Amino acid sequence: MAALYDREDGAPPAPPPHAAGAVDAYDPNYVPDSVKTFVVHLYRHIRDKNVYEIHQMYEGGFQRLSDRLFRDAPWPSAEAVSPYCDGDHVFLLLYRELWYRHAHARLSPLTAAHRAESWTNYCDLFSVVLHGVVNMQLPNQWLWDMVDEFVYQFQSFCQYRAKLKNKTEDELQQLKQFDKAWNVYGVLNYLQALVEKSMITQILEREKEGLEQFTATDGYDYEGGSNVLKMLGYYSMIGLLRIHCLLGDYHTGLKCLAPIDLNQQGVYTIVIGSHISTIYHYGFANLMMRRYVDAIREFNKILLYILKYKQYHQKSPQYDQILKKNEQMYALLAVCLSLCPQNKLIDENVSTQLKEKYGDKMTKMQRYDDEAYAAYDELFSYACPKFITPSPPVLDQPLTNYNQDAYRLQLKLFLYEVKQQQLLSGIRSYLKLYSTITITKLAQYMEVDEATLRSILMTYKHKMHAVDSDGKIVSSADFDFYIVEDIIHVVESKPTKRHGDYFLRQILKFEEMIGELEKVQLD
């Protein structure tokens, strides 16, 4: 059997730091028999490139052992399990990745030292992928979780070090000692390096020309190669979108995702967590850039998908996260539709759910008062990402918490935009009632002078247009208007009848009925 990877430079890898336990009674060197069996089998399946069995052990075996033996304790240390995998360096890096992920999920509180050790392990693991020749295939679920966890731990560390108020002297000392851990440039550089080294952008371009099979194979290599670098590069584009959203740089985030065509069935939809994270952050970035139509269209598609298929993920470890993101995206959709009514883009099943969840709040948000403003504030605060301040703190007295500063800034910018939009809600209500109306008459209705009205009309035109990803100015309004000789002419767009959606809904209903009828036992 070949080793899991070969170093291009031939140099032996340096061992990563020892993973210390987080619980006093925990013996890092004790390895239960079930863990020995797990490690032996997982190592063998990875050596054999048996993706199906790796996936079963990763999704099932690891979770079951964690629940049964390590509910509130760490797994055995990598050094302790080393004899059961021939001391394979790459396998132990993968094992440590699972070890620290389990620690972040189950153990509290985690010290800066643990977080720094996890960062070092990711650096070692990604360096092997980037600078070695990797000879293994891993399930897409694991590779997605690897990138997702990498970004999550970066976010978690930024939040941790920003809460200085109640830190002990020892914790502050550790922050000084590990000040290079989870550096924002290091995190971005690793993800960008994975994108570039994998050549995933070129692969996706070649696929459009029919010269590459990537989506059709779900990113796997069926000719004896490895999918690891390629899929890590693919998922890193989504990871970069997420990080830039956390930093408030929405334009760069969408630019990072641009090689993935969301209008086509893509590999990002294979793993439910990847699918939801992609659309959630894509939709949020578009909302903040006033590209409401793009956000509404994608939120509608993913919410309809979750509505139809969430029951199939009930046993998944990600099920709770799926439900949480589902609720957050309904809240973001309510905000988008309140700022830019586009009901013709919404499926009736999603619309029904939306009215049940946020019908009252959407009615409030149509008004121009403090209650409407508070509703926007509440929904944004509930549904937005956990923004971060990437720069390390100044560890001098007095120590304060600044973990909410980035969130407050983004909320302030959003509510400033809402306030501007609310001033325009009256003009929209009047224009929806008329096909033509004079400037003078509309000014009287709105109780403003004609010059102010013209300014409001120009502002409405500006706010209902945005620059799309191709640099073109596009309208997001559901109607348009123009002025000829002081008369406003209103042009309302006619909703296109979507017969295909109707037939698809009927087909699904009949398929369910046929399935029920087939279960009926006739005497």
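Here goes a summary of the coordinates provided. What you are looking at is a predicted structure, and each value in this text was computed from that prediction instead of being measured. (Residues numbered from 1 in each chain as written. Predicted model: local features only at pLDDT ≥ 70, side-chain atom pairs only at ≥ 80, totals over all residues. Heavy atoms only, no water.)

Attention shifts here to the overall build of the chain. Looking only at helices and strands, one finds 21 helices and seven strands in the chain. When the backbone C-alpha atoms are referred to their principal axes, the chain occupies close to 85 × 80 × 50 Å. Within the chain, the fraction of its 523 residues that count as buried is 50%. Looking at the chain alone, contacts between residues at least 24 apart form 74% of all its contacts between residues at least 6 apart. Of the roughly 26300 Å² that the chain leaves accessible, carbon and sulfur atoms contribute 52%. Charge-centre separation for the chain: the mean point of 56 positive side chains lies 4 Å from the mean point of 66 negative side chains. (Helix = DSSP H or I, 4+ residues; strand = E, 2+ residues; numbered from the N terminus. Buried < 20%, exposed > 50% of the residue type's maximum accessible area, 1.4 Å probe, protein only. Contact = heavy atoms within 4.5 Å. Areas by Shrake-Rupley, 256 points an atom, 1.4 Å probe, with all protein chains shown as cover. Lys, Arg positive; Asp, Glu negative; His and termini not counted. Charge placed at Lys NZ, Arg CZ, Asp CG, Glu CD.)

Bringing a nonpolar patch on the surface into the picture now. Taken together, Tyr502, Phe503, Leu504 and Ile507 make up a surface patch of nonpolar side chains, about 430 Å² in accessible area. Inspection of the secondary structure assignment puts Phe503 in helix H21 (residues 499–519). (Patch = residues over 30% accessible without salt bridge, like charges linked within 9 Å, V, L, I, M, F, W, Y side chains within 5 Å. Salt bridge = Lys/Arg side-chain N within 4 Å of Asp/Glu carboxyl O.)

Core analysis: the largest hydrophobic core is formed by 147 residues, its most contacted members being Leu138, Trp142, Met146, Tyr234 and Tyr235. When sequence neighbours within four positions are dropped, the list of residues in contact with Tyr234 reads Ile200, Leu204, Phe214, Ile260, Gly266, Val267 and Tyr268. Ranked by size, the runner-up nonpolar core spans 16 residues in total, among them Ile437, Ile439, Tyr460 and Val490. (Core = buried A, V, L, I, M, F, W, Y, C linked by side-chain atoms within 4.5 Å.)

What follows concerns the pattern of salt bridges. Oppositely charged side chains can pair when the atoms bearing their charge come close. Scanning the entire structure with this criterion turns up 17 salt bridges. Here Arg101 makes a salt bridge to Glu97, at a shortest N to O gap of 2.7 Å. Placement of both Arg101 and Glu97 in helix H4 (residues 89–106) is noted, with a separation of four residues, approximately one turn of the helix. Taking the relative accessible area as the measure of exposure, Arg101 reaches 14% and is therefore buried. Across the salt bridge formed by Arg290 and Glu417, the nearest N and O atoms sit 4.0 Å from each other. Remark: Glu417 occurs in helix H17 (residues 405–422) and Arg290 occurs in the loop between helix H12 (272–288) and helix H13 (292–309); sequence separation between them is 127 residues. A single burial state applies to Arg290 and to Glu417, both of which are buried. Because the salt bridges share partners, they merge into one network encompassing Glu97, Arg101 and Asp145.

Turning our eyes to something else, we now look at the packing of helix H1 (residues 33–47) against H4. Here H1 crosses H4 at 120 degrees, and the two axes come no closer than 11 Å. Put simply, H1 runs oblique to H4. Where H1 crosses over H4, the handedness of that crossing is right-handed. Packed against H1, whose contacting residues are Val39, Leu42, Tyr43 and Ile46, the element H4 presents Phe91, Leu94 and Tyr95 at the interface. Classifying every residue of the contact of H1 with H4 gives seven nonpolar, no polar and no charged. (Axes fitted to C-alpha atoms, helices over the stretch in contact; angles between N-to-C directions. Parallel < 35°, antiparallel > 145°, perpendicular 65-115°, else oblique. Left-handed = near helix turned anticlockwise from the far one by under 90°. Nonpolar A, V, L, I, M, F, W, Y, C, P; charged D, E, K, R; others polar.)

Right, let's talk about the packing of helix H9 (residues 200–208) against helix H10 (residues 228–247) for a bit. Following both chains from N to C, one finds H9 and H10 inclined at 90 degrees, their axes separated by 9 Å at the closest point. On the basis of their axis angle, the class for H9 and H10 is roughly perpendicular. Each of Ile200, Ile203 and Leu204 in H9 lies in contact with H10, whose residues at this interface are Lys230, Gly233, Tyr234 and Met237. Each residue belonging to the contact of H9 with H10 can be placed in one class, and the counts come to five nonpolar, one polar and one charged.

Turning to the side chain of Lys325, a few remarks are in order. As for its position among the elements, Lys325 is in helix H14 (residues 319–339). With no salt bridge to any partner, buried Lys325 finds its closest opposite charge in Asp148, at an N-O distance of 8.7 Å. Apart from the residues within four sequence positions on either side, Lys325 is in contact with Ile276 and Tyr280.

Glancing now at the packing of aromatic side chains. This model, assessed by the stated rule, comprises 30 aromatic pairs. Both rings, one in Trp144 and one in Tyr235, keep their centres 5.4 Å apart while their planes meet at 65 degrees; by these two values the pair is edge-to-face. In this pair, Trp144 is assigned in helix H6 (residues 140–162) and Tyr235 in helix H10, connecting sequence segments 91 residues apart. Neither residue differs from the other here; Trp144 and Tyr235 are each classed as buried. Joined through ring pairs, the aromatic side chains of Trp119, Tyr122, Phe126, Phe150, Trp182 and Tyr190 make up one cluster. (Phe/Tyr/Trp six-rings, centres within 6.5 Å; stacked < 30°, edge-to-face > 60°.)

Our focus in this paragraph is helix H11 (residues 250–257). Listed in full, the buried residues belonging to H11 are Tyr250, Gly253, Leu254, Cys256 and Leu257. Buried residues of H11, viewed axially, fall in a sector of 155 degrees; they line one side. On its buried side, H11 packs onto H10, H12 and H17. (Arc of directions from axis to C-beta.)

The next subject is the side chain of Asn300. If you trace the backbone, Asn300 turns up in helix H13. Judged by its relative accessible area of 7%, Asn300 is buried. Engagement of the side chain of Asn300 in a polar contact is seen with the backbone oxygen of Leu345, the distance being 3.3 Å. Residues in contact with Asn300, not counting those within four places in the same chain, are Leu345, Ile346, Asp347 and Val350. (Polar contact = N/O pair within 3.5 Å; in protein donor to acceptor, adjacent residues only side chain to side chain.)

Let us now look at H13. With 18 residues, H13 extends 26 Å from end C-alpha to end C-alpha; this agrees with the ideal 26 Å at 1.5 Å per step. Within the sequence span of H13, burial applies to Tyr292, Val293, Ala295, Ile296, Glu298, Phe299, Asn300, Ile302, Leu303, Leu304 and Ile306. (Expected span 1.5 Å × (residues − 1).)

In this section: the environment of Leu191. Position of Leu191 among the secondary structure elements: in helix H8 (residues 184–198). Since its relative accessible area comes to 0%, Leu191 is described here as buried. Apart from the residues lying within four places of it in its own chain, the contact partners of Leu191 are Val147, Phe150, Val151, Ser236, Gly239, Leu240 and Ile243.

Now for unusual backbone geometry. Positive phi outside glycine occurs at Lys49, with the angle close to 60 degrees. Positionally, Lys49 belongs in the loop between H1 and helix H2 (51–69). In this structure Lys49 comes out as partly exposed when scored by relative accessible area, which is 28%. Although it is not a glycine, Asp86 adopts a positive phi angle of roughly 60 degrees. Tracing the sequence through the fold places Asp86 in the loop between helix H3 (78–81) and H4.

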